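# Notes for the structure review
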Amino acid sequence: MGTTFLPIASLTTGVADRDGWMSVLPGFALGIPFGLMILSLYKKYPQKDLLQMTEILLGKWVSKIIGVLYILIVSYFGGLLLGQIGDIYESSIMPRTPIEMFYLGGLLLVLYLARSGIEVFTRFTEVVFPLVVIALVLNIGLSIPRIEQGELMPILGQGVAPIILAGFKVTPFVMEYILFFAGILPFLPTDKQEFTRLKKGVWLTVFLVGFVNTLVVLMQIVIFGPSETVNLVYGLLVLGKMVEVSRTISGVESLFLGAWFGALVIKICAFFFVVLWSLESLFRLKGTKSHLVIGMIFMGVALSNKRGPGLIVEIGLVDNYLIFPFASLWILTIWTFSHWKKKAGVS
Amino acid sequence: MDVFSLEEESGCLMKSSREKYMAGLMIICLFIILSISGCWGKREVEDLAPLMGIGFDLGKKPGTYLVTQQYAKTKKGGNSGAETEERTLGAEASSVREAFDIVSKAAYRTPFMGSLKVIVIGEDVAKAGGFNNMLDFAQRFAEFRRSMYLVIARGKAEDVLNLKLRSEQLPALYIRSIIEGGHDLSAFPMVRLGHYLTVLGTKSTAPILPVVEAVKDGEGIHYKAEKSDEAGEIRVEGAGVLNGDQLVDFLNDEETKGYMWLEDDVFNRLINTVDLKESTVKFSGQVLKSNTRYKVKTDGGNFGLTYQIRTSIAIDEVLGLERQLSGTDWVELVKEAEASFAEVIQKECESAIKKQRELGFDFLGIGRHIEQRNPKYWKNIKERWKQEVSDFPVSFDIKVTVHNTGMSSSSATNSEGEGQD
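Going along each chain's sequence as written, the residues are numbered from 1 onward. Numbering of ligands from 1 and lettering of chains from A proceed in the order in which they are written. Selection of residues for local features in this predicted model requires a pLDDT of at least 70, selection of side-chain atom pairs for listing and counting requires 80 or more, and totals for whole chains, interfaces and linings are taken over all residues.

If you check an unreviewed UniProt entry, chain B appears there as Germination protein, Ger(X)C family from Desulfosporosinus meridiei. UniProt positions are given in the numbering used here, feature names are shortened, and annotations may be inferred rather than shown by experiment. Quoted verbatim from the Subcellular location (unreviewed entry) field of the UniProt record, the comment on chain B reads "Membrane". What UniProt records for chain B under Sequence similarities (unreviewed entry) is the sentence "Belongs to the GerABKC lipoprotein family."

### Some remarks on the sheet that holds strand β13 (residues 394-404) of chain B
Residue and element names in this part refer to chain B. A sheet is described by the order of its strands in space; here four strands give the open sequence β10-β11-β12-β13, paired in mixed fashion. Pairing within the sheet leaves two strands with one partner each, and these edge strands are β10 (270-272) and β13. Strand-to-strand twist of the sheet, defined as the mean angle between neighbouring strand axes without regard to direction, takes the value 40 degrees. For two strands to be treated as a pair, DSSP must find at least two bridges joining them. Secondary structure elements follow DSSP: runs of H or I no shorter than four residues count as helices, runs of E no shorter than two count as strands, and numbering proceeds from the N terminus. As defined by bridge partners, β10 adjoins strand β11 (residues 282-299) across three bridges and the pair is classed as antiparallel. When the sheet's bridge partners are listed, I271 is paired in β11 with G285. It is the C-beta atoms, placed from the backbone, that decide contacts: two residues are in contact if theirs lie within 7 Å. Axis definition: a line fit to C-alpha positions, over the contact stretch in the case of helices; interaxial angles, taken between N-to-C directions, run 0 to 180 degrees. Packed onto the sheet, helix α10 (residues 366-373) meets β11 and β12 (302-319) and runs at close to 55 degrees relative to β11.

### Description of the UniProt feature "domain: Spore germination GerAC-like C-terminal" (unreviewed entry) in chain B
Residues given the UniProt feature "domain: Spore germination GerAC-like C-terminal" (unreviewed entry) here are residues 237-406 of chain B. With 36% helix and 37% strand, the stretch residues 237-406 of chain B has end C-alpha atoms that lie 28 Å from each other.

### A short note on helix α6 (residues 99-116) of chain A
Along an α-helix, a turn takes 3.6 residues, which lines up residues three or four apart on a common side. All names here are of chain A. With 18 residues, α6 extends 26 Å from end C-alpha to end C-alpha; this agrees with the ideal 26 Å at 1.5 Å per step. The exposure scheme places C-beta atoms from the backbone and then counts, for each residue, the other C-beta atoms within 10 Å of its own, assigning buried at 20 or more, exposed at 12 or fewer, and partly exposed in between. When α6 is considered as a whole, its buried residues turn out to be F102, Y103, L104, G105, G106, L107, L109, V110, L111, Y112, L113 and A114. With its phi angle positive at about 105 degrees, G117 sits one or two positions after the end of α6. Multiplying one less than the number of residues by 1.5 Å gives the expected span of a helix.

### Structural notes on helix α8 (residues 161-184) of chain A
Residue and element names in this part refer to chain A. Across its 24 residues, α8 extends 36 Å between first and last C-alpha, which sits within 8% of the 34 Å expected from 1.5 Å per residue. Working definition for bend: take the seven residues up to and ending at a residue and the seven starting at it, fit an axis to each, and measure the angle between the axes. Of all the bends in α8, the greatest, near 30 degrees, is centred on K169, and the proline P172 appears no more than four residues after it. Where burial is concerned, most of α8 is hidden: 18 out of the 24 residues are buried.

### Some words on the domain arrangement of chain B
Residues and elements named next belong to chain B. Domain boundaries assigned for chain B yield domain 1 (42-251) and domain 2 (264-421). Start and end points for every domain follow an automatic or database-based domain assignment. For domain 1 versus domain 2, the separation of C-alpha centres amounts to 33 Å. Contact residues are listed per partner, giving 16 residues for domain 1 and 16 residues for domain 2. Within the residue set of the side of domain 1 that touches domain 2, elements represented by two or more residues are β8 (233-243) and β9 (246-251). Per-element accounting of the side of domain 1 that touches domain 2 gives the leading share, three residues, to β9. Classifying every residue of the side of domain 1 that touches domain 2 by side-chain character gives eight nonpolar, six polar and two charged. In this classification, Asp, Glu, Lys and Arg are treated as charged, Ala, Val, Leu, Ile, Met, Phe, Trp, Tyr, Cys and Pro as nonpolar, and every other residue, Gly included, as polar.

### Some points on the environment of L193 of chain B
In this fold, L193 of chain B is placed in helix α7 (residues 193-202). Judged by the 20 C-beta atoms lying within 10 Å of it, L193 of chain B is buried.

### Brief notes about the interface of chain A and chain B
On the side of chain B, 24 residues touch chain A, which itself brings 33 residues to the contact. The set of elements that each furnish at least two residues to the side of chain A that touches chain B consists of α5 (60-92), α6, α9 (192-231) and α10 (235-242) of chain A. Of the residues contributing to the side of chain A that touches chain B, the split by class is 16 nonpolar, 10 polar and seven charged.

### Considerations on the packing of α6 of chain A against helix α12 (residues 288-304) of chain A
All names here are of chain A. One way to put it is that α6 packs onto α12 with a least axis distance of 11 Å and a crossing angle of 155 degrees. Classed by the angle they form, the pair α6 and α12 counts as roughly antiparallel. Our pair here, α6 against α12, has a crossing hand that is right-handed. Residues Y103, L107, L111, A114 and R115 of α6 lie in contact with α12, whose contacting residues are H291, G295, F298, M299, A302 and L303. Tallied by class, the residues present in the contact of α6 with α12 amount to eight nonpolar, two polar and one charged. Should an angle fall under 35 degrees it is taken as roughly parallel, and over 145 as roughly antiparallel, whereas 65 to 115 is taken as roughly perpendicular and any remaining angle as oblique. For any pair of crossing helices, the crossing counts as left-handed if the nearer helix is rotated counterclockwise from the farther one by less than a right angle, and right-handed if it is rotated clockwise.

Have a look at this one:
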């Protein structure tokens, strides 16, 4: 959720026009079968992450190739997200602060969380996530007076096809979460009762984030209209700028950006952990040096990448053409292979 | 024993290196927190010149614009810190950024755009078209907010912003106050930059902006002017219809009021039947509540739009009553008032429709209404909507309910043979 609510309105409305909001939940729901597939694999191979399962099912070399691809994609994407911290702060509220300071600030927080371990990281998310949701709900609620009459109508004016197509623009966001899920598996409980809770958790996560994102898209369409929703790079921030309470409170986008910073740190840190675990699983690399090397790679990607609309396009390309196909193919393949093995009775 | 102590020692070493690492990170984080909190982009409020209004006029050189910028300056010796005086500067440039660059060299402080309230588009720029280029800066540069108001000036925007108002207020803030008080009048549209851009995005609807003008003594309003040839008041009345960003024509007061009914934009309105020739008794009142809905009707293959207006009015004034009325007569008179008010509303709506047909531009958003109610039909006609807009059948179904008649059930009348008799 860390970054999805910023580009999601522009992406879905670009395809499904006024009906873009309807594509969010179905797009997110596509993540549920993948989440459940991972859990069913985890039931068979407890205490193993997806790379270790791949090694058991497909062999050492195939798992090494997939692992290297996994590390490359996640490192690059994590670096791009780090770049987005700088881009959004520089283009919206702090244009004169050197962009590198935002990268460094975000990265140091990520390093601190990564070094402190998964427990501290989850505690951090427990504190920040409600703040992000409250900031979003406040932003949406205070924008209600800016709603334009009739912008939502006609519903299904273009038919169902654009909604389905727009849903595919949303699915890569869930796949980012699935990639993290694939790595965090060994830290999850294995008893039956907890397993049922995990399954419910997958449904809850997808629907909670999907619902909040649906609201975000809906509000942007009814306030900006479809054409402007597509044009705006960070529509939600523009929405924050339009909030005005009794000529006294305005400029709440700065507060919102604070919460958003925390959300983005969570997302970057999740990818940081994924790279750490994968390096450990594949090459037995761990310790301070691996933290610093991953940090440098993230920083290098952020520094060398394009800024502004170029960065957004790059993130979209990685989402659509790397993360989505990679995650879906990988999970589908090993899940099918595991079932085939079970049916064929191959050990 | 030795192995145990070795393990303990290596554990201690690991722990101390981890502690050092964390302490190092903490120190760097603290340094970043202290240095990132606005030091680079920090600007003290006292060093900023809050921008209140911008005006766009055509420049003398082709391709240039005269950009007038009105800043607020705290009034020295004012009763409160909120009292301001104006500082208005203009520059001719081909882009707004360039104009700010020129003015900044003469400005007493760094311009701050986040406080901008009103953008005034001069009549010459509006007629020439192309002012969207000027607005690009306002919708792109992060300091601006899309909640600022857009108005068209009759005459030059520079003249409006340079007016010395009798109220001693800044013209930009004065315009903002009139617009924000507009709900009580519902006589002109309230257009923010965000709304203008949204309407522009619909393609089929022609944007509309309220018109602001300087008013001299005797031009509809009477006041004691300091100099007879100088305007000391500002008025927002009527609206300008745009084709994209080019002014096509102005709407008069009646046409604008018609637009407000059809847009369902009437909150409270003062309304009177003084101009109705048929009735001898005239009524004035205020709209308490109004609701406009529309239906796309089909009669065989013919489509048409029906506006359904439901309005609740309180009568404030009854003119021309010649005798004291009984309770039954009063009920009948109220019915007559309802019919008269409905007639006035219909007249205003018809004049707006007539203007739309004359211009051939859909500023009433009828195309969007058709799209909202019947997207299939809209798909068929949207390509030829510009030709259809002048002939598309529109009808009205207006019902007025008089909610109350004020504190008296009758009016003061002369005894027979007295007064006017």
